[in-house]
Amino acid sequence: MKTEVLIIGGGVAGLTLALKLVKRKIDVVIVEKDPTLGRTYKGELIQPKTIQLLDRLGLLQLFQEQWNTFSTIHTTELSKENTPILNQAMSYQLLPGPYNYATMLPHSQIKKLLLQELLTYESFTNLQPAVFSEIKKDNEAVIRIGKEKVEIQARFIIGAEGVGSKVRKHMGVSVSKQTYNHDFLTVSFPAPKELKAGEMVATHDRFLGLFPLPNQEVRTVYLIRKGEFKKWRSEPLQQFYDHYISLYPPLDGYVQHIQAWKDIQLMVPIRQHTDRYVKDSFVLIGDAAHSVHPMAGEGMNLAIQGADVLGELLGDMYETGNQDQVKWLEEYENVRKKRVKSIMDLSHMGGVVYGKSGVAWQRSRALALKQLINNKVLLTKYIFNISGLGHWPFSFKDGIRFVHSSDGDLSEQLSRYMFKVEDDYPWKSRMR
Ligand SMILES: Cc1cc2nc3c(=O)[nH]c(=O)nc-3n(C[C@H](O)[C@H](O)[C@H](O)COP(=O)(O)OP(=O)(O)OC[C@H]3O[C@@H](n4cnc5c(N)ncnc54)[C@H](O)[C@@H]3O)c2cc1C
């Protein structure tokens, strides 16, 4: 079998890339081992930059019909006596429109919508379930479909198979990896009516995040210490309910919808980054290239955003007859790597700040959060960078801003640091 682009892995990264390519009439095969759309929770928060890209793909209306929008996240710090020592709000509305909000849509739903769209294109082939096992010679991949072995030859082979990528191993690129001193429990259940915004509640040793899903449900993430999961599971569920209710009392009567430990998933944060995303005609996207601490809800967004850049680049290479010039693939890495690094650092910082325990540490965290949230420049920078819409670097002056509050119109700075189309796809003016 032959194709132009072979994508290993039909996650959000692989599906987004495939869609970008078939829209440019390029032949694509996806190989996905899971016969379903995924049975475990893998993220739901969609950041503003991803919303912009879905709009560019012509999918905004389709997604809007399904997702739940929110623009505010409240952050609360509770003392040992359960009284608030911080209660503030951060809002995406500080950003210029139209993409000044975030949304929630289950991962499997996102994949379903992308796949539904892909299946309308003739140049798309979906091999599912099918398992990629190895690269045999240069650009030939060995795929197992049931008991059958199929060889697929492709001009480009894309590793989009997540953290354990075999394509990455074949490329021989090196990977830096970091684990954390904590894990998360995650589960969703019906939400109390008053929960309309995101909520982050922390104490000196605990953290609970609540994010409103479609259908009046709530996604919850709860920080536990590394290795505690076994102990938690051996306790009655009442203890789990009590923890949730003590941090956010309106959950009483709702968290009890969870009736078995098997419904609660363990989420193990990991930070991983390859030194190269591209080698010859092999390219890595999504978690195969980078995975981030989940505190800022960015992994899925980085995967979609990277697939968008690579899809645009490959589309342009074919359109201008440059499909044999693999040197152009470096453009993808040049755009994406520094953006990924900066989001990765922000997510890591979130993990460290909430991962440490102790009353003194909590006091410092609450003070720092208060200074950040009360300073319009700092807060706008933070939300802008998290949104993915642009990158406004933190600077030496920010140390002074931490002490003195600042205000005023920031539209000029936001427009300067916003990623424009020519920043997302900078090769366009040079590729002929
Ligand atoms: C519990 C959890 C919560 C998360 N929460 C968020 C969040 O709120 N927001 C956010 O932005 N991100 C979140 N993330 C991160 C996000 O899920 C990932 O960053 C994102 O799914 C990466 O997409 P991907 O397509 O690169 O990889 P994946 O989603 O891992 O997809 C890879 C696909 O490749 C397939 N595959 C693997 N090996 C093979 C093979 N040999 N042959 C064929 N197919 C193969 C797999 O079955 C899978 O479908 C979360 C992750 C987890 C685990």
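Labelled according to an unreviewed UniProt entry, the protein chain appears under the name 2-polyprenyl-6-methoxyphenol hydroxylase-like FAD-dependent oxidoreductase, originating from Shouchella xiaoxiensis.

Student: I keep staring at the side chain of glutamine 305 and nothing clicks. Help me out?
Tutor: The topology assignment puts glutamine 305 in helix H8 (residues 299-319). With near-sequence residues (within four places) excluded, glutamine 305 lies in contact with Lys49, Thr50, Leu53 and Arg336.

Student: Got a minute to help me understand the site of the ligand in this structure?
Tutor: In the vicinity of the ligand lie 29 residues, with Glu32, Lys42, Gly43, Asp287 and Met300 positioned nearest. Take glycine 43: an N or O atom from its main chain is 3.4 Å from a nitrogen atom of the ligand. Between the ligand and methionine 300 there is a distance of 2.7 Å, counted from an oxygen atom to a backbone nitrogen or oxygen. Taking 1,000 Å² as the accessible area of the ligand by itself, protein coverage stands at 87%.

Student: What am I meant to see in the sheet that holds strand E4 (residues 68-70) here?
Tutor: Backbone hydrogen bonds are what pair the strands of a sheet, in a parallel or an antiparallel way. The strand order across the open sheet formed by three strands is E3-E7-E4, and the pairing between neighbours is antiparallel. This sheet does not close on itself; its edge strands, each paired only once, are strand E3 (45-46) and E4.

Student: How should I be thinking about the environment of leucine 94 in this particular structure?
Tutor: Inspection of the secondary structure puts leucine 94 in the loop between strand E6 (84-91) and strand E7 (102-104). Accessibility expressed as a relative area gives 28% for leucine 94, which makes it partly exposed. Separated by 32 residues in the primary sequence, leucine 94 and leucine 62 have C-alpha atoms spaced 26 Å apart. Once residues within four sequence positions are removed from consideration, leucine 94 is found in contact with Lys376, Leu379, Thr380, Ile383 and Leu414.

Student: Sorry if this is basic, but what is going on with empty space enclosed by the protein here?
Tutor: Which parts of space are left empty comes out when a probe the size of a water molecule is rolled across the atoms. In the structure shown here, the tally under the stated rule is two cavities of 30 Å³ or more. Volume-wise, the largest cavity comes out at about 100 Å³. If you go around the largest cavity, the residues you meet are Leu302, Gln305, Arg336, Arg339, Ser342, Ile343, Leu346, Asn385, Gly388, Gly390, His391 and Phe419. Those elements that provide at least two residues to the lining of the largest cavity are H8 and helix H9 (330-355). With five residues, the single largest contributor to the lining of the largest cavity is H9. Residue classes in the lining of the largest cavity are distributed as four nonpolar, six polar and two charged. One number sums up the size of the second largest cavity: a volume of about 70 Å³. Around the second largest cavity sit Gly10, Leu15, Ile30, Glu32, Thr36, Leu37, Lys111, Leu115, Asn126 and Gln128, which together line it.

Student: Sorry if this is basic, but what is going on with the domain arrangement of the protein chain here?
Tutor: Interfaces are often described in size by the accessible area the parts lose on coming together. Partitioning the protein chain into domains gives domain 1 (2-68 + 106-179 + 270-347) and domain 2 (182-267). For domain 1 versus domain 2, the separation of C-alpha centres amounts to 31 Å. In this assembly, eleven residues from domain 1 lie in contact with eleven residues from domain 2. With both sides pooled, the region where domain 1 packs onto domain 2 buries about 970 Å², and carbon together with sulfur makes up 66% of that total. The three residues of domain 1 that bury the most area against domain 2 are Tyr41, Asn68 and Met295, which together make up 51% of that side's buried surface. Summed over the shared surface of domain 1 and domain 2, the number is one salt bridge. One salt bridge in this structure joins glutamate 44 and arginine 219, with 3.0 Å as the shortest N-O distance. Classifying every residue of the side of domain 1 that touches domain 2 gives six nonpolar, four polar and one charged.

Student: For this particular structure, what's the right way to read the layout of surface pockets?
Tutor: Within this model, the second largest pocket holds a volume of roughly 200 Å³. Along its surface, the second largest pocket is lined by Asn334, Val335, Lys338, Arg339, Ser342, His391, Tyr417, Phe419, Asp423 and Pro426. Here the element with the most residues in the lining of the second largest pocket is H9; it accounts for five residues. A breakdown of the residues in the lining of the second largest pocket according to their chemical character gives four nonpolar, three polar and three charged.

Student: What am I meant to see in the UniProt feature "domain: FAD-binding" (unreviewed entry) in the protein chain here?
Tutor: Cross-referencing UniProt, the feature "domain: FAD-binding" (unreviewed entry) maps to residues 2-346 in the present numbering. For residues 2-346, the helix share is 28%, the strand share is 32%, and the end-to-end C-alpha distance is 41 Å.

Criteria and thresholds
- Residue numbers here run from 1 along each chain, matching the order of that chain's written sequence.
- Residue-level local features of this predicted model are given only where pLDDT is at least 70; pairs of side-chain atoms are given and counted only at 80 or more, and the full residue set underlies all totals for whole chains, interfaces and linings.
- Hydrogens and waters are ignored; side-chain quantities use all the structure's heavy atoms.
- Helix and strand labels come from DSSP, where a helix needs a run of H or I of at least four residues and a strand needs a run of E of at least two; each type is numbered from the N terminus.
- The contact criterion used is simple: two residues touch if any of their non-hydrogen atoms lie within 4.5 Å.
- Only heavy atoms are used to decide nearness, and a residue is near a molecule or strand if one of them lies within 4 Å of it.
- Polar contact is defined as a pair of N or O atoms within 3.5 Å, subject to the rule that within protein one atom must be able to donate a hydrogen and the other to accept it, and that residues adjacent in sequence are counted only when both atoms are side-chain atoms.
- In short, Shrake-Rupley with a 1.4 Å probe defines the accessible areas, and a residue's cover is counted only from the protein chains shown.
- DSSP-based pairing: two strands are paired if at least 2 bridges between them are found.
- Burial status follows relative accessibility: with a 1.4 Å probe on protein chains alone, a residue under 20% of its type maximum counts as buried, one over 50% as exposed, and anything between as partly exposed.
- With a 1 Å grid laid over protein atoms only, a set of points is called a cavity when a 1.4 Å probe fits there but cannot get out and a pocket when it is open yet has protein on both sides within 12 Å along at least five of seven lines; lining residues have an atom within 4 Å of a point.
- Grid points are joined across faces, edges and corners, and a volume is the space filled by probe spheres set on the points.
- Classification used: nonpolar for Ala, Val, Leu, Ile, Met, Phe, Trp, Tyr, Cys and Pro, charged for Asp, Glu, Lys and Arg, polar for all others including Gly.
- Domain borders in the structure are assigned automatically or taken from a domain database.
- Two parts placed together each lose some accessible area under a 1.4 Å probe, and adding up what both lose gives the buried area.
- A carboxyl oxygen of Asp or Glu within 4 Å of a side-chain nitrogen of Lys or Arg is what we treat as a salt bridge.
- UniProt positions are given in the numbering used here, feature names are shortened, and annotations may be inferred rather than shown by experiment.

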